[in-house]
Amino acid sequence: MSVTKKFLYVNRKAPYGTIYALESLEVVLIGAAFEQDVSLAFLDDGVFQLTKGQDTKGIGVKNFSPTFRALGDYEVTKLYIEQESLDERGLTKDDLQEIVYEDEDDDWAEKPSIRVVNRAEMAAIMADQDVVLSF
Amino acid sequence: MAYQVNGSTVEHDEEGYITNLDEWSKELADTIAESENIEMNEEHWEVVNFLRDYYEEYQIAPAVRVLIKSIKKSMGPEKGNNKYMYELFPYGPAKQACKIAGLPKPTGCV
């Protein structure tokens, strides 16, 4: 029997301009095959990764924000967003795209994956992990 | 390395995935399928079209277990299972079907 570990992927950078955000998402999708307990955290400029209405035509790179909506298919269903990071950037939860997953144990009901938490709660979530990967 | 379709050339990588996704066409799909020893029928097209829709919506080629689960959800368990999918695409439903669909190699296929 294999041991399930708690993995947290911490995203702190804006979606474009560096490769961190896309690389993080790819690692999450590849790592999802190993059936661990995976969560994602978004803080600092990382909260911009989840904003809706992204348009990358002007910068000539792929808009990968729709891929976050596929996370539920990969059984990644916990996306923690830090409230303070949203506040500091003049954002609210309504500026973020809607991301849902289907709960197999609840007749495939659609449930929100995004959970806004405050800084203290985020610290507790981080402390609770076996592995924390920072991007 | 390239496929030849109707007199035009479509570049692909060393594993046969096309380099420029915009160059895909149904004729090209038939050509790629031929090089994979697959004769395209309605069932194959159903999966290929499903993958293209999935990519359009999520900008990602799904891993094989995600593909089979999604097929099961949208077309039912008689199609969304390993046996059916591997009969259609013996060398891996996600890998072969993505290649034929003109998509990148699936993300999360180890």
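Residues numbered from 1 in each chain as written. Chains lettered and ligands numbered in written order. Predicted model: local features only at pLDDT ≥ 70, side-chain atom pairs only at ≥ 80, totals over all residues. Heavy atoms only, no water.

Asks: Help me understand the interface of chain B and chain A, please; the structure alone is not making it clear to me.
Replies: Size of an interface: often given as the accessible area lost when the parts come together. Across the boundary between the two partners, chain B contributes 17 residues, which contact 16 residues of chain A. Here chain B and chain A share an interface that buries about 1400 Å² over both sides, 51% of which is from carbon and sulfur atoms. Where chain B meets chain A, there are three salt bridges. Among the ionic pairs, A:Asp73 bridges to B:Lys73, the shortest N-O distance being 3.9 Å. Breaking the side of chain B that touches chain A down by element, the ones donating at least two residues are helix 2 (42-58) and helix 3 (64-75) of chain B. When residues in the side of chain B that touches chain A are grouped by element, the largest group, five residues, is from helix 3 of chain B. A breakdown of the residues in the side of chain B that touches chain A according to their chemical character gives nine nonpolar, four polar and four charged. (Contact = heavy atoms within 4.5 Å. Buried area = accessible area lost by both parts, 1.4 Å probe. Salt bridge = Lys/Arg side-chain N within 4 Å of Asp/Glu carboxyl O. Helix = DSSP H or I, 4+ residues; strand = E, 2+ residues; numbered from the N terminus. Nonpolar A, V, L, I, M, F, W, Y, C, P; charged D, E, K, R; others polar.)

Asks: Looking at this structure, I do not really get the sheet that holds strand 7 (residues 131-134) of chain A. What am I missing?
Replies: Sheets are built from strands that pair by backbone hydrogen bonding, the pairs being arranged parallel or antiparallel. Residues and elements named next belong to chain A. Read across the open sheet, the five strands follow the order 6-3-2-1-7; overall the sheet is parallel. Strand pairing shows two members of the sheet lacking a second neighbour, strand 6 (114-117) and strand 7, which therefore form its edges. Averaged over all adjacent pairs, the angle separating strand axes in this sheet is 25 degrees, with direction ignored. Its contacts with the sheet put helix 1 (residues 20-31) on strand 1 (6-11) and strand 2 (37-42), and the angle it makes with strand 1 is roughly 165 degrees. Docked against the sheet, helix 3 (residues 119-127) engages strand 1, strand 2, strand 3 (79-82), strand 6 and strand 7, running at close to 140 degrees with respect to strand 3. (Pairing = 2+ DSSP bridges. Axes fitted to C-alpha atoms, helices over the stretch in contact; angles between N-to-C directions.)

Asks: For this particular structure, what's the right way to read the environment of A:Asp130?
Replies: Residues and elements named next belong to chain A. Counting through the fold element by element, Asp 130 comes out in the loop between helix 3 and strand 7. When the C-alpha atoms of Asp 130 and Lys 5 are compared, they prove to be 5.9 Å apart, with 125 residues separating the residues in sequence. For Asp 130, the residues in contact, after removing those within four places along its chain, are Lys 5 and Lys 6. Side-chain polar atoms of Asp 130 contact the backbone nitrogen of Lys 6, separated by 2.8 Å. (Polar contact = N/O pair within 3.5 Å; in protein donor to acceptor, adjacent residues only side chain to side chain.)

Asks: Looking at this model, I keep getting lost on the nonpolar core. Mind explaining?
Replies: The nonpolar side chains of a soluble globular protein tend to be buried, and buried together. One finds A:Leu40, A:Leu50, A:Leu71, A:Leu79 and B:Ile100 to be the most contacted residues of the largest nonpolar core, which totals 64 residues. Counting residues per element, this core draws most heavily on helix 2 of chain B, which supplies eight residues. For this core, the two domains that each supply at least three residues are domain 1 (2-35) and domain 2 (42-100) of chain B. Core analysis: the next-biggest nonpolar cluster, separate from the first, contains eight residues, A:Leu43, A:Tyr80, A:Val117 and A:Ile125 among them. (Core = buried A, V, L, I, M, F, W, Y, C linked by side-chain atoms within 4.5 Å. Buried < 20%, exposed > 50% of the residue type's maximum accessible area, 1.4 Å probe, protein only. Domains from an automatic or database assignment.)

Asks: What is the right way to read the domain arrangement of chain B from this model?
Replies: Residues and elements named next belong to chain B. One can read the domain layout of chain B as domain 1 (2-35) and domain 2 (42-100). Computed from C-alpha atoms alone, the centre-to-centre distance between domain 1 and domain 2 is 19 Å. Counting from both sides, the interface comprises 11 residues of domain 1 and, opposite them, eight residues of domain 2. Counting each side, the surface lost to burial between domain 1 and domain 2 is near 860 Å², with a carbon and sulfur contribution of 64%.

Asks: Help me understand the pattern of salt bridges in this model?
Replies: Any two side chains of opposite charge can pair if their charged atoms end up close together. Residue and element names in this part refer to chain A. Enumeration over the complete set of coordinates arrives at 18 salt bridges over all chains. A salt bridge links Lys 111 to Asp 103, with the shortest nitrogen-to-oxygen separation between them at 2.8 Å. Asp 103 gets classed as buried once you look at its relative accessible area, which sits at 16%. What you see here is one network of salt bridges that share partners, running through Asp 45, Glu 82, Glu 88, Arg 89 and Arg 119.

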